[in-house]
Amino acid sequence: MTDPELRAAIAAFPWFHTIELRPGIATPGAKSAAVIAAEAEALLGPLDLSGRSVLDIGAWNGAFSFEAKRRGAARVVASDSYTWRHPDYRGRETIELARRELGLAIELLDEDVMRLNRKEHGAHDVILLLGVFYHLINPIAPLMRIRAMASEVLVIETHLDAAELDRPAMIFYPGATLANDPTNWWGPNPLLLHELLREIGFARVLYRDHPLYGRRRGMVHAFRTEAPAIARPGGHQGWYDLARPEERARLAAAAKGT
Ligand SMILES: C[S@@+](CC[C@H](N)C(=O)[O-])C[C@H]1O[C@@H](n2cnc3c(N)ncnc32)[C@H](O)[C@@H]1O
């Protein structure tokens, strides 16, 4: 494909991720390259992905799947269904175009999160659930199946709400009351993410605020074991272990700017 042909192919689709496909030719994503880079570093930097298998649930155009591959993952499966099948978004065609252009060997799995399970879809060392939790009207049953599929760590990035409450809570958004988007349902607080993930079987759950949006969005590493080999030594500075009362206090103090 020539450069003008590639530009025309890119222009045929709406894009969520800004991805440089060739020097000077990037997809015009609603999420900028700077935001993707900051999120990727915060989410993936503390983990040693080399040789690991990664499942990216809700991958859309695939920026984080490609990033996991670049960071040394042996196998990456990008999974989605809503935007991939949507007649306007045509997400499956976008990730195929990006994969072809970047020459990165990621696999594609067209499956609804509500149907993902270990028996059919196997286990992965790392599971990414980025920007997806709040889109699930019934998030807990699929989260339990995802827990069974995660051999080492589940990585979550999500919209948050009710962070000022010192009890586990999440806010329900009927209709299109969150960001005028009828596919948004829930805003959990950090304690809810911590307690829920511990209850469903993760041994160690670490939380951090979003590197750019503060506590409006949050990030979680939920590990299957207490001392996970995949965690880089010293990689979790700035993260909170909310099982420890002093870290809960530190999180609450950070919210008040003290
Ligand atoms: C906000 S985008 C997040 C994209 C990317 N993970 C990121 O963080 O930049 C949400 C993605 O989750 C997908 N998604 C939402 N609900 C889903 C479901 N029930 N099954 C599969 N994918 C779903 C959408 O299709 C969309 O691609």
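Conventions used here
- Residues numbered from 1 in each chain as written.
- Predicted model: local features only at pLDDT ≥ 70, side-chain atom pairs only at ≥ 80, totals over all residues.
- Heavy atoms only, no water.
- Near = heavy atom within 4 Å.
- Polar contact = N/O pair within 3.5 Å; in protein donor to acceptor, adjacent residues only side chain to side chain.
- Areas by Shrake-Rupley, 256 points an atom, 1.4 Å probe, with all protein chains shown as cover.
- 1 Å grid on protein atoms, 1.4 Å probe; cavity = no way out; pocket = protein on both sides within 12 Å on 5 of 7 lines; lining within 4 Å.
- Sits in = over half its atoms within 2 Å of the grid points.
- Nonpolar A, V, L, I, M, F, W, Y, C, P; charged D, E, K, R; others polar.
- Core = buried A, V, L, I, M, F, W, Y, C linked by side-chain atoms within 4.5 Å.
- Buried < 20%, exposed > 50% of the residue type's maximum accessible area, 1.4 Å probe, protein only.
- Helix = DSSP H or I, 4+ residues; strand = E, 2+ residues; numbered from the N terminus.
- Contact = heavy atoms within 4.5 Å.
- Pairing = 2+ DSSP bridges.
- Axes fitted to C-alpha atoms, helices over the stretch in contact; angles between N-to-C directions.
- Points joined across faces, edges and corners; volume = space filled by probe spheres on them.

Chemist: Help me understand the site of the ligand, please; the structure alone is not making it clear to me.
Modeler: Close to the ligand lie 19 residues, the nearest being His 17, Gly 58, Asp 80, Thr 83 and Leu 130. Interatomic distance of 2.9 Å between a side-chain N/O atom of Lys 31 and an oxygen atom of the ligand. Protein coverage of the free-state accessible area of the ligand, which is 590 Å², stands at 91%. Judged by its atoms lying within 2 Å of the grid points, the ligand is housed in the largest pocket. Looking at the shell around the ligand residue by residue, the class counts come to 9 nonpolar, 6 polar and 4 charged.

Chemist: What am I meant to see in the nonpolar core here?
Modeler: The tendency in soluble globular proteins is for nonpolar side chains to be buried as a group. If you look at the biggest cluster of nonpolar residues, it comprises 42 residues, and the most contacted ones within it are Phe 66, Ile 95, Val 126, Leu 128 and Val 155. Where this core is concerned, the elements lending two or more residues are helix 1 (3–11), helix 2 (33–44), helix 3 (63–70), strand 4 (75–80), helix 5 (91–102), strand 6 (124–130), strand 7 (150–159) and strand 11 (214–223). Here this core takes 5 residues from helix 2, the largest share from any one element. If near-sequence neighbours (up to four positions away) are discounted, Val 126 is found in contact with Leu 49, Ser 53, Val 54, Leu 55, Val 153, Val 155 and Ile 230. Of all hydrophobic cores here, the second largest spans 33 residues; its members include Val 77, Leu 136, Ile 146 and Leu 154.

Chemist: What am I meant to see in the sheet that holds strand 12 (residues 240–241) here?
Modeler: Note: strands within a sheet are paired through backbone hydrogen bonds, in either parallel or antiparallel orientation. With mixed pairing, the 8 strands of this open sheet are ordered in space as 5-4-3-6-7-11-10-12. With partners counted over all chains shown, the strands left at the sheet margins are strand 5 (107–110) and strand 12, one partner each. Summarising the sheet, strand 6 and strand 7 pair through 6 bridges and their orientation is parallel. When the sheet's bridge partners are listed, His 124 is paired in strand 7 with Ala 150. Against the sheet, helix 5 engages strand 4 and strand 5, with an angle of about 175° to strand 5.

Chemist: What is the right way to read the layout of surface pockets from this model?
Modeler: Any space left empty among the atoms is revealed by the rolling of a water-sized probe across them. Reported here for the largest pocket is a volume of approximately 1,100 Å³. As for the largest pocket, its lining consists of 39 residues, and the residues nearest its centre are Trp 60, Gly 131, Tyr 134, His 135 and Thr 183. Listed by contribution, the elements that provide at least two residues to the lining of the largest pocket are helix 2, helix 4 (82–85) and strand 7. Among the residues forming the lining of the largest pocket, the class breakdown is 20 nonpolar, 10 polar and 9 charged. Its boundaries defined by the atoms lining it, the second largest pocket holds a volume of some 280 Å³. Lining the second largest pocket are 14 residues, and of these Ala 163, Glu 164, Leu 165, Asp 166 and Ala 252 lie nearest its centre. Those elements that provide at least two residues to the lining of the second largest pocket are helix 8 (190–199) and helix 9 (245–255). Broken down by element, the residue count for the lining of the second largest pocket peaks at 4 residues, all from helix 9.

Chemist: Mind showing me how you'd approach the side chain of Glu 157 here?
Modeler: Its location among the elements puts Glu 157 in strand 7. Glu 157 gets classed as buried once you look at its relative accessible area, which sits at 1%. With residues up to four places along the chain from it excluded, the contact list for Glu 157 reads Glu 39, Leu 43, Leu 129, Leu 130, Gly 131, Val 132, His 210, Arg 217, Gly 218 and Met 219.

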